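Structural overview for review
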Amino acid sequence: MYDIAIVGAGPAGLTAAIYAARANKSVVVFEALTCGGQIINTSHIDNYPVAPHITGLDFSRTLQKQAEDLGVKIEYDEITHITPSDDTFTLTSEDDEYKAHSVIVATGTKPRKLNLANEDELVGRGVSYCATCDGGFYKGKAVAVNGGGNSALHEALYLSDICEKVYLVHRRDEFRADAALVDKVKAKDNIELVLNANIAKLNGEKHLESIETDNGHTINVEGLFVSIGRIPNAAGLVDGLNLVDDYVDSGEDCATNIPGIFVAGDVRTKELRQLVTATSDGAIAATAAINFLHK
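Now for a look at the structure at hand. (Residues numbered from 1 in each chain as written. Predicted model: local features only at pLDDT ≥ 70, side-chain atom pairs only at ≥ 80, totals over all residues. Heavy atoms only, no water.)

The next subject is the side chain of Thr109. Its place among the elements puts Thr109 in strand S7 (residues 109-111). Separated by 3.4 Å, the side chains of Thr109 and Gln38 make a polar contact. Once residues lying within four places of it in the same chain are set aside, the contact partners of Thr109 are Gln38, Arg230, Ile231, Pro232, Asn233, Tyr247 and Asp266. (Helix = DSSP H or I, 4+ residues; strand = E, 2+ residues; numbered from the N terminus. Polar contact = N/O pair within 3.5 Å; in protein donor to acceptor, adjacent residues only side chain to side chain. Contact = heavy atoms within 4.5 Å.)

As structure tokens, this is what we get:
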């Protein structure tokens, strides 16, 4: 039995674990894949206070070590369901059950797909959702990035230092990304903007050979990096948990409609999903869980 169980080991979940451990609570963090969350895919973090230019991987490793040094237990297990019962919550995975007096949901999001024919078959064979993970495979080659937000432009900039040519495909004629990022992209000689276009077809059987846009252009590329948004990992996790567009419904207090369950990070309803707001959520959710236990 744990005082606080945290589902998700991204910046929000690990920050919550640090705050809970410092309050002398027994804490377990569940992670299905790798500690760090999606920030590990960021080559350089430029907007986090006091840590300019740190890589996402270094940030995540340091955060994980800080939590573990405080005695936080990390279980590499995927929690598929959380069941409330009186003052106890049962967290269920495929093979095990765990119990805790309170829970923080920090499950983050997953990449949104294009939902095109043979997209799944070409994953790892030209289609990717992470430039820092797979960009090295396309050194000196032509690739495309699909998207118009900060993440997409970060991907394009990262790839422009590796690849010969980067096509940035966006469905509008203006970007949602920060103006400073847009200026950096436009200043790169090997980034070509393909605007007012959607990717309509992926060509290639054993490996991606080209993409086709809905306005009739065919672009020969060996890699496509899809960055068109994220889908929250919350649906079906807790019966009766209020969701809004699949995000966990919560205010700035990180409380949910179920007493004892709190939420932190990108999976909750909020305006700004950034590293700094994820760590803020973690601190707030942990403090709320601690106060709940004391009551």
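Alright, that's what it looks like, and here's the rest.
Moving on, we get to the sheet that holds strand S11 (residues 191-194). The strand order S8-S15-S9-S10-S11 describes an open sheet built from 5 strands, whose pairing is parallel. Each edge of the sheet is formed by a strand with only one pairing partner; in this case those strands are strand S8 (127-128) and S11. Here strand S10 (residues 165-169) pairs with S11 via 4 bridges, running parallel. Its bridge partner lying in S11, Val169 is registered against Val194. (Pairing = 2+ DSSP bridges.)

Looking now at the sheet that holds strand S12 (residues 199-203). The strand order across the open sheet formed by 3 strands is S12-S13-S14, and the pairing between neighbours is antiparallel. Lying at the two open borders of the sheet, with one neighbouring strand each, are S12 and strand S14 (218-220). Between one strand and the next, the sheet's axes are offset by a mean angle of 25°, whatever the strand orientation. Judged from the 3 bridges that link them, strand S13 (residues 210-213) and S14 form a sheet pairing that is antiparallel. In the sheet register, Ser210 faces S14, and the bridge partner there is Asn220. (Axes fitted to C-alpha atoms, helices over the stretch in contact; angles between N-to-C directions.)

Next up on the list: the packing of aromatic side chains. How two aromatic rings sit relative to each other is set out by the distance from centre to centre and by the angle between their planes. For the structure on display, the rule yields 4 aromatic pairs. Between Tyr48 and Phe59, the aromatic rings sit 5.2 Å apart at their centres with planes inclined by 75°, giving edge-to-face as the arrangement. A residue pair is termed long-range when its members are at least 10 positions apart, and Tyr48 in the loop between strand S2 (27-30) and helix H2 (56-69) and Phe59 in helix H2 qualify at 11 residues. Geometrically, the ring pair formed by Phe262 and Phe292 is edge-to-face, given 6.2 Å between the ring centres and 70° between the ring planes. Remark: Phe292 occurs in helix H7 (residues 275-294) and Phe262 occurs in strand S19 (residues 261-263); sequence separation between them is 30 residues. Overall, Phe262 belongs to the buried group, its relative accessible area being 7%. Note that Lys165 overlies the ring of Tyr167, its terminal NZ or CZ placed 5.5 Å from the centroid. Over the face of the ring belonging to Tyr247 we find Arg273, whose NZ or CZ atom lies 4.0 Å from the ring centre. (Phe/Tyr/Trp six-rings, centres within 6.5 Å; stacked < 30°, edge-to-face > 60°. Buried < 20%, exposed > 50% of the residue type's maximum accessible area, 1.4 Å probe, protein only. Lys NZ or Arg CZ within 6 Å of the ring centre and 35° of its normal.)

A few words on the packing of helix H5 (residues 150-160) against helix H6 (residues 179-186). Viewed as axis vectors pointing N to C, H5 and H6 meet at an angle of 30°, and their least axial separation amounts to 10 Å. Compared by their axis directions, H5 and H6 come out roughly parallel. The handedness of the crossing between H5 and H6 is left-handed. The residues of H6 that touch H5, namely those facing Asn150, Leu153, His154 and Leu157, are Leu181, Val182, Lys184 and Val185. Among the residues forming the contact of H5 with H6, the class breakdown is 5 nonpolar, 2 polar and 1 charged. (Parallel < 35°, antiparallel > 145°, perpendicular 65-115°, else oblique. Left-handed = near helix turned anticlockwise from the far one by under 90°. Nonpolar A, V, L, I, M, F, W, Y, C, P; charged D, E, K, R; others polar.)

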